[in-house]
Structures are given as structure tokens and as C-alpha cells.
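# Chain and residue survey
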Amino acid sequence: MKTFVLACLVVLPFAAAAQQMYKWVDEKGVTHYTDSPPPSGNAQKIDIRATPPSAPVAPPQSFQQKEEQTRGERVQKAQEAQKVSAEEARSNALKKGRCIQARRQVQVLSIQRPLFNTNDKGEKVYIEDKDRQAEIDKWQAQVDTYCAD
């Protein structure tokens, strides 16, 4: 007797799982879930043994969508590379201009002629020989910095 009761208890969950469930919507738009079909007979059968749906999975992308995504990534990388290239070109041009200016200043200061700057009043202020060498050293440091190539 105990064996029979124990066997029934073991089989009972499987019998419940084998039942068929029905999903149907009435005329008011209310969705019902029952174990017996509705009187109208139009219901969707649901297999309750199936596992519940997991998180929604994105549909696989088509070949065309993948190609468009890849093309967009390539365009973005090309634009970034172009920005880097333009920045490098601008930096090189600036460096070259400073190099040319520094070389000219060293050349002008090296000539043994009287040189002058103009002050705020527009008057000529001559550069003395002791200051000339300091100016040459300053511009030579600029040449060393910008004309290292």
C-alpha cells in the first residue's frame, strides 16, 4: 500500500505537466489561460512543459545590415585617420615656419652691421654687441629645436 501511494506521488507531477493549457481572448479583449478549451473553440494550445522564454534575443543581422555596419565603421576609421594626418601636417608646417624664421634671425644677427628695434614711440633702439650674442644664442636654440630634421 505504501508503495502504491509513493508511486502515485512520484507520477502526479508528471501527470500535471502533461496537461494541455489553452490561451484565448474573449469578445471584451481579455486574455484567458485555462486547462479546458473555450466554448467557441478558437484557442491557442500552450505546451506547459516548455521552459519559459528567456530574455529576448535580437534577430540575426542580415548580410546587408552587417555590410552597412562594417562600411560605417570603415568610414569612421578613415575620418579619424584623416584628422590625425591633417593635425600632423599642420604641426609640421608650423614647425617648418618657425625653423625658417629662426634661421633668418641668426643670419641677420650674424652680419656685423648695426641693428635696431623700434620702441613704443617709434624710435630706433640699436642692439649693442654684448646683447647681439645673447640674441644669436636665443635664436640658435630655436633653430636647434625646430630644425632638428
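A brief report on the enclosed structure follows.

Rules behind the numbers
Residues numbered from 1 in each chain as written. Predicted model: local features only at pLDDT ≥ 70, side-chain atom pairs only at ≥ 80, totals over all residues. Heavy atoms only, no water. Salt bridge = Lys/Arg side-chain N within 4 Å of Asp/Glu carboxyl O. Helix = DSSP H or I, 4+ residues; strand = E, 2+ residues; numbered from the N terminus. Buried < 20%, exposed > 50% of the residue type's maximum accessible area, 1.4 Å probe, protein only.

This part takes up the pattern of salt bridges. Note on pairing: side chains with opposite charge can pair once their charged atoms come close. Tallied over the full model, the rule gives three salt bridges. Among the salt bridges present, the one from arginine 71 reaches glutamate 67, with a minimum N-O distance of 2.9 Å. Taken together, the positions of arginine 71 and glutamate 67, both in helix H2 (residues 63–110) and four residues apart, correspond to about one turn of that helix. Note on arginine 71: relative accessible area 43%, which makes it partly exposed. Glutamate 67 sits in the partly exposed class, given a relative accessible area of 36%. In this structure, lysine 138 engages glutamate 135 in a salt bridge whose closest nitrogen and oxygen atoms are separated by 3.6 Å. One end of the pair is lysine 138 and the other is glutamate 135, both in helix H3 (residues 129–146) and three residues apart, which spans about a single turn.

Take it as geometry only, folks, not as evidence of what the structure does.
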